[in-house]
Amino acid sequence: MSAELDLGAYLRRIGLMEPPRADLAGLQALHLAHATSIPFENLDIQLGLPIRLDLGSLQAKLVRQRRGGYCFEHNTLFLAVLQELGFEASACEARVRLGAQGLLPRTHMLLVVRLAGSDWLADVGFGGEGLLGPVPMDGAAHAQFLNVYRVGVEGGLRVLQSFHHGAWEDLYAFEPVPRFPVDFEVANHYTSTHPDSRFLRTLTAQLPGPEVRRILRNRAYAELRGDQVVGHELAPEEVVPLLRKTFGIEVPAGARFKALTS
């Protein structure tokens, strides 16, 4: 991370007028603003472009070019911002369980923030079904607008869960152990290039919000409001306009996505 963080440009990107304080209220404001302003998307993977995790590349893409990214991009940038503001924060690796048919590799990045002697899970990179704010790692249920989350304990693991249709659903499981940038470089390479990676098979753009969570997977578009889901299939010519208008993504001219052409 040799590049210098342009904190002012980042704050303008997420709609904040001034840097928040390094306390719970500041973390909540920063988390909500980031999660609802910068979309989760994998357009570059679909275009055959590399995913770079150095701070200079992340700021160029997510801030100046007004693009989005996936977990490694979002949370690497968010970690740099938190540390710049004086938060005590570290990165951890998780195995995604949501929608998994078996044991998956550790290919998700999340953050743990220490506040007043307690640990909080912060994650701006899980997409449409992810957190809008930090969650205390206390095992209790915590409402976030129309959704409810908790961080449970499973042996030495912590498990982020969401409550839907009367039951708890695992989103991902992780060890609360700090990891290093090189660990995420390896996971990022697998996720962005391995033929079995879901990100090579599926074009996606996702943006959570307090009232509605918007999710595009290939040509299936859905809006989630708590347990209510309304969706439809897009025509091929509707995909790029939706990415631009609904998700605010600056789609490159002439873009052809692998998942929609194979």
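The shown structure was predicted, so the numbers you read here are calculated from the model rather than taken from an experiment. (Residues numbered from 1 in each chain as written. Predicted model: local features only at pLDDT ≥ 70, side-chain atom pairs only at ≥ 80, totals over all residues. Heavy atoms only, no water.)

**Let's talk about the sheet that holds strand β8 (residues 157–164)**
Point 1. Strand order across the open sheet formed by eight strands is β5-β4-β3-β2-β9-β8-β7-β6, with antiparallel pairing between neighbours. Two strands bound the open sheet, and with one partner strand each, they are β5 (135–136) and β6 (142–144).
Point 2. The strands touched by helix α5 (residues 71–85) are β2 (88–96), β3 (106–115) and β4 (118–122); relative to β3, the strand with the most contacts, the crossing angle is about 20°. (Pairing = 2+ DSSP bridges. Helix = DSSP H or I, 4+ residues; strand = E, 2+ residues; numbered from the N terminus. Contact = heavy atoms within 4.5 Å. Axes fitted to C-alpha atoms, helices over the stretch in contact; angles between N-to-C directions.)

**Some details on the layout of surface pockets**
Point 1. Here the largest pocket is characterised by a volume of approximately 670 Å³.
Point 2. Along the walls of the largest pocket sit 28 residues, with V96, L98, L104, R198 and F199 positioned nearest its centre.
Point 3. Among the elements of the structure, β3, α6 (181–193), α7 (198–201) and β10 (204–207) are those that each provide at least two residues to the lining of the largest pocket.
Point 4. The biggest single contributor to the lining of the largest pocket is α7, with three residues.
Point 5. Residue composition of the lining of the largest pocket, grouped by class: 11 nonpolar, 12 polar and five charged. (1 Å grid on protein atoms, 1.4 Å probe; cavity = no way out; pocket = protein on both sides within 12 Å on 5 of 7 lines; lining within 4 Å. Points joined across faces, edges and corners; volume = space filled by probe spheres on them. Nonpolar A, V, L, I, M, F, W, Y, C, P; charged D, E, K, R; others polar.)

**Side note on unusual backbone geometry**
Point 1. The backbone of R66 shows a phi angle near 55°, a positive value even though the residue is not glycine.
Point 2. Although it is not a glycine, H165 adopts a positive phi angle of roughly 55°.
Point 3. Turning to its location among the elements, H165 is positioned in the loop between β8 and β9 (167–174).

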